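Close look at the chain arrangement
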Amino acid sequence: MTKLMRLTPDEERALARLEKKYENIRRFTKLVAKGDSTGFYCHGFGGIGKSFNILKTLRDNGHKFTLLNTRLAAPGLAKVLKDNSKGLFVVEDIESVFDEKPCLNLLRSAWWGQRDPVTHKMKRHITYTTGHDKWNFEFDFEGGIIATGNRSIGDIPELEAVKTRIDVCKLETERDEVLAYHLGNYDPHIVPDAYSTK
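As a starting point, this report considers the structure included with it. All figures in this text were calculated on a predicted structure; none of them were measured in a lab.

Along the chain, Ser51 turns up in helix α2 (residues 50-60). A distance of 2.9 Å separates the side chain of Ser51 from the side chain of Glu92, its partner in a polar contact.

Now the structure itself:
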């Protein structure tokens, strides 16, 4: 990281603490992107760097991915997973999924399945059925899903089974860490009024 302002020793220490937290996010992201993990869920308050670090890590390492955000309904999620069953997906602000049980069940199936006794490869077979033929899907999902949100999955019964089987990271930041980060990246030519004291 290139520092654009001189930081005090306390600010340097705060920035180092924050960078260590961000490194955990980057490490879990790489595991999913390389196929070593089926999923990663990062949660914490909004605007503290969850999505930024995930997306930057994927782009910096040349990983192709599909970004999903805003409203995510179960039929639409089933379709995009089937259409790119070996792909990598990033689901931002997943709270809308928490309010829709079919979507939660679909996500659970995509994140975890049974291992083949011969190949030991995890089989994540997904069957999604509706009353309309064109929205009925059956497929094996071999990709990965990285998701971000503000809430923990610990109190979601439908995801109880996967919370110990995928990587879950709660990003908690302190005020001095965030301040040090912004001071260290302050560029008056890019954001001339963001840190004005006038």
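Let us now look at the state of the cysteines. Using the criterion set out here, one finds zero disulfides in the structure. As a non-bridged cysteine, Cys42 has Cys169 as the owner of its nearest cysteine sulfur, 4.7 Å distant. By relative accessible area, which is 0% here, Cys42 ends up buried. In this structure Cys103 is not part of a disulfide, and its nearest cysteine sulfur, from Cys42, lies 19 Å away. With a relative accessible area of 0%, Cys103 lands in the buried category.

Glancing now at α2. Among all positions in α2, only Lys50, Ser51, Asn53, Ile54, Leu55, Thr57 and Leu58 are buried. Those residues of α2 hidden inside the fold are in contact with α1 (9-33), β1 (39-43), β2 (66-68), β3 (88-91) and β8 (144-149). In the segment just after α2, Gly62 is the residue with positive phi, at about 70°.

Empty space within the largest pocket amounts to approximately 350 Å³. What lines the largest pocket is a set of 23 residues, among which Gly35, Ser37, Thr38, Arg124 and Gly143 lie closest to the centre. Taken together, the residues of the lining of the largest pocket break down into seven nonpolar, six polar and 10 charged.

Attention now goes to the packing of aromatic side chains. Enumeration according to the criterion identifies four aromatic pairs in this entry. Relative to Phe40, the ring of Phe28 lies with its centre 5.2 Å away and its plane at 45°, an arrangement referred to as tilted. Separated by 12 residues along the polypeptide, Phe28 in helix α1 and Phe40 in strand β1 bring together distant segments of the chain. Comparing Phe28 with Phe40 shows no difference in burial state: the two are buried.

Turning to the nonpolar core, a few remarks are in order. Counting residues in hydrophobic clusters, the biggest one holds 30 residues, and the most contacted among them are Leu81, Trp111 and Ile145. Secondary-structure elements contributing two or more residues to this core are α3 (74-83), β3, α4 (95-98), α5 (101-111), β6 (125-128), β7 (137-140) and β8. Sort the elements by how many residues they give to this core and α5 lands first, with six residues. Once residues lying within four places of it in the same chain are set aside, the contact partners of Ile145 are Val32, Thr38, Gly39, Phe40, Leu81, Phe89, Val91, Leu107, Ala110 and Trp111. Core analysis: the next-biggest nonpolar cluster, separate from the first, contains 17 residues, Phe40, Leu55, Leu58 and Leu171 among them.

Rules behind the numbers
- Residues numbered from 1 in each chain as written.
- Predicted model: local features only at pLDDT ≥ 70, side-chain atom pairs only at ≥ 80, totals over all residues.
- Heavy atoms only, no water.
- Helix = DSSP H or I, 4+ residues; strand = E, 2+ residues; numbered from the N terminus.
- Polar contact = N/O pair within 3.5 Å; in protein donor to acceptor, adjacent residues only side chain to side chain.
- Disulfide = S-S within 2.5 Å.
- Buried < 20%, exposed > 50% of the residue type's maximum accessible area, 1.4 Å probe, protein only.
- Contact = heavy atoms within 4.5 Å.
- 1 Å grid on protein atoms, 1.4 Å probe; cavity = no way out; pocket = protein on both sides within 12 Å on 5 of 7 lines; lining within 4 Å.
- Points joined across faces, edges and corners; volume = space filled by probe spheres on them.
- Nonpolar A, V, L, I, M, F, W, Y, C, P; charged D, E, K, R; others polar.
- Phe/Tyr/Trp six-rings, centres within 6.5 Å; stacked < 30°, edge-to-face > 60°.
- Core = buried A, V, L, I, M, F, W, Y, C linked by side-chain atoms within 4.5 Å.

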